[in-house]
Amino acid sequence: MIREDCRTVTLLLLDHVYRDLEEVWTHRVERHLADCAECRERHARLRETLELVDRATVEPEERISEQFAATVLAILQRRRADESRPWLRAAMAACLVLGLLAPTLRVPSLPKATAPNPPPAVVELQLVAKELNDPLIVELAWQTAQLSARVQSVGFRTSRPVS
Amino acid sequence: MENPELELELIRRAQQGDLRAYGALVKRYEERMFYTAYRILHQREDAEDCLQETFLRVWDRLRELSDVRAFQLWVYRILSNQALDILRRRERQREGLESYGSEVLHLARVSSPASPRELLRRSREVERIERAIEELPPRQKLVFVLRHFQGLKLTEIAEVLNSPLGTVKATLHNALQKLQGSLIGSGEVDERARR
């Protein structure tokens, strides 16, 4: 049969081990531990467990990468740059649509893209790509310039003949 | 923490959109938070991903923080939620793996430590203890790590997890019972006391 005191002390053992108890309660628990072998054993086992844990895990061997904070800031800066150019998303979406539509355009074998004057939006996109140094945007800008050059050089005809 | 006034100033400036101040804050907190994440997740990549997501979210929601003195607990809260998400995702993946047989499951469980070299360096005991912590249910592990390694008080953990103090206490108690069972045998004595 477990005494009422034991029940109370069992609930307080954790706080005692972690030194979270007020002084009055600390004394009370310690007085009980001096008298009660079972609670003493529970207390000892708890301490033993925590000491084992401490022995094994004093210091993690892994370290955070030195560039961590810089990476977080770079992401935030890029996001901020994106937010300050709301048209960029629209331009990228337009590029994507053009890219998807490209196979449906009847474009004969084409010369290399050497368009003398790409449209201003494409020029702007290329500048942004250079500034952001983002491989995806650089690729998009390049594709757009290519597409623009092709369209300029061969005209823009749909694959279906107009009846 | 050194110079708390400076830290409060950094938080206020970051709230006004100062990215450099926020960078300084991230620097101050990254190591402590990384260890918390690492102790919960046991994988460096997951810990860094968790931390990155945490600091991006902290930035996004920084203006919502009305009491700047509560910054640390607030960061812990966001980190804890992220870490719990990752642990739950892993559990789901583990459940998925179970259908492919116990061998695959075993591999998934033992694959957490970083490298074979590191594994070799660890003594059996260290590995056994780390495994015992790793196998705690997500919430128990989180509470245990916050209390034992980060030194948060139970009232602070209750605040971080937005849970009643009694629940947090019971969670920690259960975590320790499980650890005790794995490390030094079953907690028969304790069970009798709780009956």
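Residues numbered from 1 in each chain as written. Chains lettered and ligands numbered in written order. Predicted model: local features only at pLDDT ≥ 70, side-chain atom pairs only at ≥ 80, totals over all residues. Heavy atoms only, no water.

**Student:** Can you break down the interface of chain B and chain A residue by residue, with the values?
**Tutor:** Between chain B and chain A, the residue contacts involve 51 residues of the former and 40 residues of the latter. Counting across the chain B and chain A interface gives four salt bridges. Among the ionic pairs, Lys153(B) bridges to Asp20(A), the shortest N-O distance being 3.3 Å. Listed by contribution, the elements that provide at least two residues to the side of chain B that touches chain A are helix H2 (19–41), helix H3 (44–61), helix H6 (116–121), helix H7 (124–134), helix H8 (138–149), helix H10 (165–184) and helix H11 (188–194) of chain B. (Contact = heavy atoms within 4.5 Å. Salt bridge = Lys/Arg side-chain N within 4 Å of Asp/Glu carboxyl O. Helix = DSSP H or I, 4+ residues; strand = E, 2+ residues; numbered from the N terminus.)

**Student:** How would you summarise the packing of aromatic side chains if you had to cite specific residues and measurements?
**Tutor:** Inspection of every chain in the model, using the stated rule, returns seven aromatic pairs over all chains. Seen from their ring centres, Phe34(B) and Tyr35(B) are 5.9 Å apart, and the 50 degrees between their planes marks the pair as tilted. You can call Tyr35(B) buried: its relative accessible area is 15%. Its relative accessible area of 0% is what places Phe34(B) among the buried residues. An aromatic cluster of three or more residues is present, and its members are Tyr29(B), Phe71(B) and Trp74(B). When the ring centre of Tyr29(B) is taken as reference, the NZ or CZ atom of Arg32(B) above it lies at 4.5 Å. One Lys or Arg, Arg147(B), reaches over the ring of Tyr18(A) and ends 4.2 Å from the middle of that ring. (Phe/Tyr/Trp six-rings, centres within 6.5 Å; stacked < 30°, edge-to-face > 60°. Buried < 20%, exposed > 50% of the residue type's maximum accessible area, 1.4 Å probe, protein only. Lys NZ or Arg CZ within 6 Å of the ring centre and 35° of its normal.)

**Student:** I'd love a proper account of H8(B), names of residues and values included.
**Tutor:** All names here are of chain B. The end-to-end C-alpha distance of H8, which contains twelve residues, comes to 16 Å, matching closely the 16 Å that a straight helix rising 1.5 Å per residue would cover. By the criterion of burial, H8 is predominantly enclosed, with eleven of the twelve residues buried. Taken as a whole, H8 has its buried residues at Pro138, Gln140, Lys141, Leu142, Val143, Phe144, Val145, Leu146, Arg147, His148 and Phe149. Note on H8: the residue one or two positions beyond its end, glycine 151, has a positive phi of about 70 degrees. (Expected span 1.5 Å × (residues − 1).)

**Student:** Any chance you could break down the confidence of the model for chain B for me, citing the residues and the numbers?
**Tutor:** Residues and elements named next belong to chain B. This prediction gives chain B a mean pLDDT of 83; 79% of its residues lie at or above 70. Per-element confidence in chain B ranges from a low mean pLDDT of 44 for helix H5 (residues 102–110) to a high of 94 for H3. Within the model, pLDDT remains below 50 along residues 101–111, and this stretch shows seven contacts once partners closer than five positions in the same chain are excluded. For the stretch residues 187–195, pLDDT sits under 50, and the model shows 21 contacts to residues farther than four places along the chain or on other chains. (pLDDT = per-residue confidence, 0-100.)

**Student:** Can you tell me about the packing of helix H3 (residues 37–56) of chain A against H8(B), naming the residues and giving the values?
**Tutor:** Orientation of H3(A) relative to H8(B), taken along the N-to-C sense of each, is 80 degrees, at an axis distance of 12 Å. Overall, the two elements H3(A) and H8(B) adopt an arrangement that is roughly perpendicular. The segment H3(A) lies against H8(B), with Leu50(A), Val53(A) and Asp54(A) engaging Phe144(B), His148(B) and Phe149(B). Counted by class, the contact of H3(A) with H8(B) contains four nonpolar, one polar and one charged residues. (Axes fitted to C-alpha atoms, helices over the stretch in contact; angles between N-to-C directions. Parallel < 35°, antiparallel > 145°, perpendicular 65-115°, else oblique. Nonpolar A, V, L, I, M, F, W, Y, C, P; charged D, E, K, R; others polar.)

**Student:** How would you sum up the packing of H8(B) against H10(B)? Please name residues and give values.
**Tutor:** Residue and element names in this part refer to chain B. Look at H8 against H10: their axes get within 9 Å of each other, and the N-to-C directions meet at 95 degrees. With respect to H10, the axis of H8 lies roughly perpendicular. For the pair formed by H8 and H10, the contact residues are Arg139, Gln140, Val143, Phe144 and Arg147 on the first element and Val168, Thr171, Leu172, Asn174, Ala175, Leu176, Lys178 and Leu179 on the second. Its residues assigned to classes, the contact of H8 with H10 shows seven nonpolar, three polar and three charged.

**Student:** Before we move on, can you summarise a positive patch on the surface with the specific residues and values?
**Tutor:** Residues and elements named next belong to chain B. A cluster of basic side chains, namely Arg88, Arg89, Arg92 and Arg139, defines a positive patch on the protein surface. Ranked by residue count, the leading element in the positive patch is helix H4 (residues 71–98), at three residues. Relative to the assigned elements, arginine 88 resides in helix H4. With relative accessibility at 40%, the residue arginine 88 sits in the partly exposed group. (Patch = residues over 30% accessible without salt bridge, like charges linked within 9 Å, V, L, I, M, F, W, Y side chains within 5 Å. Areas by Shrake-Rupley, 256 points an atom, 1.4 Å probe, with all protein chains shown as cover. Lys, Arg positive; Asp, Glu negative; His and termini not counted. Charge placed at Lys NZ, Arg CZ, Asp CG, Glu CD.)

**Student:** Any details on helix H2 (residues 23–35) of chain A? Residues and values, ideally.
**Tutor:** Note on helix geometry: an α-helix contains 3.6 residues per turn, so any two residues three or four positions apart are oriented the same way. Residue and element names in this part refer to chain A. In this model, H2 (13 residues) spans 19 Å end to end at C-alpha, consistent with the 18 Å of a helix rising 1.5 Å per residue. Thr26, Val29, His32 and Leu33 are the residues of H2 that are buried. Taken down its axis, H2 places every buried residue within 130 degrees of arc, on the same side. Seen from the open side of H2, the exposed residues pointing more than 90 degrees away from its buried face are Glu23, Val24, Arg31, Ala34 and Asp35. (Arc of directions from axis to C-beta.)

**Student:** Pulling in residues and values, what's your account of the pattern of salt bridges?
**Tutor:** All names here are of chain B. Scanning all chains against the criterion turns up 13 salt bridges over all chains. The partner of glutamate 48 in a salt bridge is arginine 44, and the shortest N-O contact between them spans 3.4 Å. Of the two residues, glutamate 48 and arginine 44 both sit in helix H3, four residues apart, roughly one turn of that helix. Note on glutamate 48: relative accessible area 14%, which makes it buried. Note on arginine 44: relative accessible area 26%, which makes it partly exposed.

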